[in-house]
Amino acid sequence: MKPAPFTYCRPENLADALSLLSEYEDEAVVLAGGLSLLPLLNMRMARPEIVVDINRLDDLASIEHDGDYLRTGALVRQAEVLASTECQKSVPLLIKALDFVGHYQTRSRGTLAGSAAHADPSAEVPLCLATLGGQVELTSERRVRLIPAEEFFLGALTTDRAPDEMITALL
């Protein structure tokens with residue numbers, strides 16, 4: 001199948017992306033790697049009015065370690081995590097799990113946050129995030145909030161993300 005028609009937007013900064021999400025709410029979806037989203041669009045399980053492509057938001061592509069936690073931005077690719085010595089030391093469970101994610105092409109494009117955003121019950125990243133006691137950073141024009149993974153994932157393909165929020169990082 002092919003996706004239903006939608007408007008494609010590629011904002012230059014986080015403020016513009018959040019503005020679009022605030023304006024369109026339930027009619028908007030965020031595109032990072034697209035490996036979780038594109039099948040939903042193609043099967044028409046998601047029929048947004050607008051797709052907000054965040055790939056130009058370089059400030060969301062960092063991996064940071066602060067003694068107590070590892071923070072991966074929304075654009076951190078699975079392959080980057082696998083190659084990171086910091087991630088190998090800090091989250092060995094995630095490293096082992098990512099070996100089971102698709103193939104090289106999937107891991108080179110797919111993001112950790114994208115996998116978490118869709119709460120796919122067959123995905124490794126949400127399971128690791130919950131198992132490790134991780135948190136999801138959600139950002140909107142109204143606020144930034146941290147929510148424990150066990151509270152973020154409500155069920156298969158269902159999360160506690162508000163329509164105007166997007167995942168900006170996983171901790």
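What counts, and where the lines are drawn
Residues numbered from 1 in each chain as written. Predicted model: local features only at pLDDT ≥ 70, side-chain atom pairs only at ≥ 80, totals over all residues. Heavy atoms only, no water. Core = buried A, V, L, I, M, F, W, Y, C linked by side-chain atoms within 4.5 Å. Buried < 20%, exposed > 50% of the residue type's maximum accessible area, 1.4 Å probe, protein only. Helix = DSSP H or I, 4+ residues; strand = E, 2+ residues; numbered from the N terminus. Contact = heavy atoms within 4.5 Å. Patch = residues over 30% accessible without salt bridge, like charges linked within 9 Å, V, L, I, M, F, W, Y side chains within 5 Å. Areas by Shrake-Rupley, 256 points an atom, 1.4 Å probe, with all protein chains shown as cover. Salt bridge = Lys/Arg side-chain N within 4 Å of Asp/Glu carboxyl O.

**As for the nonpolar core**
Here is step 1 of the chain: Grouped together as the largest cluster of nonpolar side chains are 41 residues, with contacts concentrated most on Ile 54, Val 81, Leu 94, Leu 98, Val 136, Ile 167 and Leu 170.
Here is step 2 of the chain: Among the nonpolar cores identified, the runner-up in size contains seven residues, and Leu 31, Leu 41, Ala 46 and Val 51 belong to it.

**Some words on the environment of Ala 97**
Here is step 1 of the chain: Residue position: Ala 97 is located in helix α5 (residues 92-98).
Here is step 2 of the chain: Residue classification places Ala 97 among the buried residues on the basis of a relative accessible area of 11%.
Here is step 3 of the chain: Taking C-alpha positions, Ala 97 is 35 Å from Ser 19, a pair spaced 78 residues apart along the chain.
Here is step 4 of the chain: Residues contacting Ala 97, with those up to four places away along its chain left out, are Glu 124 and Cys 128.

**Side note on a nonpolar patch on the surface**
Here is step 1 of the chain: Residues Met 43, Met 45 and Leu 157 make up a contiguous nonpolar surface patch of about 320 Å² in total accessible area.
Here is step 2 of the chain: Within the secondary structure, Met 43 is located in the loop between α2 (37-42) and β3 (50-53).
Here is step 3 of the chain: Its relative accessible area of 49% is what places Met 43 among the partly exposed residues.

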